[in-house]
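# Remarks on the overall topology
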Amino acid sequence: MAISSKGFPVQLTFDLDAETMWTSRNPENANRPVIMSQGAYGWKIGVPRILSLLKQYDVFATFFVPGLVIEQRPQVIEAILEHGHEIAHHSWSHAWITGLTREQEHDEMQRGFEIIRKVTGSDPVGYRSPAAEFSPHTMELLLEYGFGYSSNFFDDDSPYLHVVDGKLSYLVEFPFHWVLDDAPFFQYSITLPGRTMQAPSAVLEAWKLEFDMLYKEARAFTLAMHPQIIGRPSRIIVLEELIKHIKNHDNIWFGRCCDVANDIRPGLIQQYELQEK
Ligand SMILES: [Zn+2]
């Protein structure tokens, strides 16, 4: 059974980490202009290329952006918003969450929240953690701040509602997996030993096959990308070919995560209540 009346939900998501992708791995990278320029490629070249592709195919998407990047690149954020895409919470500085105290994590949450409210006029609805991890406090913070969805967990490939302390919450999870992320395939730097770039055709094959099976099972499709990685010429073609492949299927909904979460939540609540009976 389909989970949304608007069609099979397809969530294209972009983590606009920019330079914070590198400073969060090592703060000393701030003094290495060439490493930093790998991050700058994201907002400078990647985002405009992605926006024009999404516009061409009339697709709406979600951008998870650290607060610091929002502060540093207001014109880039304005362009994303003008195109009708969603800005979601991705911490303040992209600090690796597992190394933070509760106070530091709260501060990252608060500052990221405030700047999104300032630039968009409303509270952020969704949250994706930097470095793909939660601390023992993260879930509590998400509920305290009233988030509507999270896109972090690996335990399913269809959206579900989080149950916290035995109680059903309103927090929709859009599950994540490395196979539906551009970084493991393409992220390469001389400072990240052991990483090799994959052929674009191999990635397109993996993403198409993931989509085909999820579509067949009437689940949902959430893809995580980074403008500094997917924004390269050979890779934006992968994304374009994937969009074309998906559009060849009936009854598809390319939705912003915030819209999809609101749309599917009542059905997920119902599903949970039926299971509990
Ligand atoms: Zn990130």
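Quick summary incoming for the structure in this document. (Residues numbered from 1 in each chain as written. Predicted model: local features only at pLDDT ≥ 70, side-chain atom pairs only at ≥ 80, totals over all residues. Heavy atoms only, no water.)

## Things to note about the overall build of the chain
So the rule is basically this: Each helix corresponds to a stretch of at least 4 residues labelled H or I by DSSP, and each strand to a stretch of at least 2 residues labelled E; elements are numbered beginning at the N terminus. We compute the radius of gyration from the C-alpha atoms alone; for a globule the expected value is 2.2 Å times N to the 0.38, where N is the number of residues. We call two residues in contact whenever any of their non-hydrogen atoms come within 4.5 Å of each other. What sets the accessible areas is the Shrake-Rupley method with a 1.4 Å probe; for residues, cover comes only from the shown protein chains. Within this scheme the basic residues Lys and Arg register as positive and the acidic residues Asp and Glu register as negative, but His and the chain ends are omitted. Where a charge sits is defined by one atom per residue type, namely NZ (Lys), CZ (Arg), CG (Asp) or CD (Glu).
Within the chain, the regular secondary structure consists of 11 helices and 9 strands. In summary, the chain has a C-alpha radius of gyration of 18 Å against a globular reference of 19 Å for 277 residues, a match within 12%. Its C-alpha atoms give the chain principal-axis dimensions of about 60 × 45 × 35 Å. Across the chain, every contact between residues at least 6 apart in sequence was considered, and the portion connecting residues at least 24 apart equals 70%. Only carbon and sulfur atoms are counted for the fraction: they give 51% of the accessible area of the chain, which is about 12,900 Å². Here the chain holds 24 positive side-chain charges and 36 negative ones, and the gap between their average locations is 6 Å.

## A few points about the coordination of the zinc ion
Four donors placed tetrahedrally about a metal ideally form angles of 109.5 degrees, and six donors placed octahedrally ideally form angles of 90 or 180 degrees. The line we're drawing: Note that water is not among the atoms considered, so a metal site may appear incomplete; the donors listed are N, O and S atoms within 2.8 Å of the metal, with 3.2 Å applied to Na, K and Ca. In these descriptions, tetrahedral denotes four donors with every angle between 85 and 135 degrees, square planar four donors and octahedral six donors with opposite donors over 155 degrees apart and the rest between 65 and 115, and irregular any other case. Classification of residues uses two cut-offs on accessible area relative to the type maximum, computed with a 1.4 Å probe and protein chains only: under 20% is buried, over 50% is exposed, and between them is partly exposed.
Around the zinc ion, the protein supplies Asp17 (OD), Asp17 (OD), His90 (NE2) and His94 (NE2) as donor atoms, at distances of 2.1 to 2.4 Å. Coordination at the zinc ion comes from 4 donor atoms whose angles at the metal span 55 to 138°, giving a geometry best classed as irregular. Here the donor residues of the zinc ion share one chain and are spaced in sequence as D-x72-H-x3-H. One end of the pair, Asp17, is in the loop between strand E1 (8-15) and helix H1 (20-23); the other, His94, is in the loop between strand E3 (86-89) and helix H5 (102-120), with 77 residues separating them in the sequence. There is no split in this pair, since Asp17 and His94 are both buried.

## Overview of the packing of helix H2 (residues 33-56) against helix H4 (residues 74-82)
Quick note on the threshold: Note on definitions: angles span 0 to 180 degrees between N-to-C directions of axes, and those axes are lines fitted to C-alpha atoms, for helices only across the stretch in contact. Throughout this description, any angle smaller than 35 degrees is read as roughly parallel, any larger than 145 degrees as roughly antiparallel, any in the 65 to 115 degree range as roughly perpendicular, and the remainder as oblique. Note that Gly is not counted as nonpolar here; it falls among the polar residues with everything else outside the nonpolar set of Ala, Val, Leu, Ile, Met, Phe, Trp, Tyr, Cys and Pro and the charged set of Asp, Glu, Lys and Arg.
Where H2 contacts H4, the two axes come as close as 11 Å, and the packing angle between them is 10°. Between H2 and H4, the angle is such that the two are roughly parallel. Counted together, Trp43, Val47 and Leu51 of H2 and Val76, Ala79 and Ile80 of H4 form the full contact between these two elements. Residues that form the contact of H2 with H4 fall into these classes: 6 nonpolar, no polar and no charged.

## Some points on the packing of aromatic side chains
The cut-off we apply is this: Any two of the Phe, Tyr and Trp rings considered here, Trp counted by its six-membered ring, make a pair once their centres fall within 6.5 Å; the pair's planes then place it as stacked at under 30 degrees, edge-to-face at over 60, or tilted in between. Whether a charge sits over a ring comes down to the Lys NZ or Arg CZ being within 6 Å of the ring centre and within 35 degrees of the ring normal.
Summed over all chains, the structure comprises 16 aromatic pairs. Where Phe8 meets Tyr215, the ring centres are 5.3 Å apart and the plane angle is 70°; that geometry is what we call edge-to-face. Of this pair, Phe8 sits in strand E1 while Tyr215 sits in helix H8 (residues 200-216), and the two are 207 residues apart along the sequence. Overall, the relative accessible area of 6% leaves Phe8 in the buried class. Taking relative accessible area as the criterion, Tyr215 reaches 26% and is therefore assigned partly exposed. Ring pairing ties together the aromatic residues Phe113, Tyr127, Phe134, Tyr145, Phe147 and Phe153, which thus form one cluster. Here the guanidinium or amino end of Arg25 rests over the ring plane of Trp22, the centre of that ring lying 5.9 Å away.

## Concerning the state of the cysteines
The condition is simple: Here, two cysteine sulfur atoms that lie within 2.5 Å of each other are counted as a disulfide.
Following the criterion strictly, the structure yields 0 disulfides and no others. There is no disulfide at Cys257, and the cysteine sulfur nearest it, in Cys258, is 7.5 Å away. Take Cys258: its relative accessible area is 10%, and that puts it in the buried class.

## Structural notes on the nonpolar core
Put simply, the rule is: What makes a nonpolar core is a set of buried Ala, Val, Leu, Ile, Met, Phe, Trp, Tyr and Cys residues whose side-chain atoms join them at distances within 4.5 Å.
Ranked by internal contacts, the top residues of the largest apolar core, which has 51 residues, are Leu12, Phe14, Phe63, Trp207, Phe221 and Leu239. For Phe221, the residues in contact, after removing those within four places along its chain, are Phe8, Pro9, Val10, Gln11, Leu180, Trp207, Glu210, Phe211, Leu214, Leu242 and Ile246. Counting residues in hydrophobic clusters, the runner-up holds 13 residues, among them Ala88, Trp253, Val260 and Ala261.

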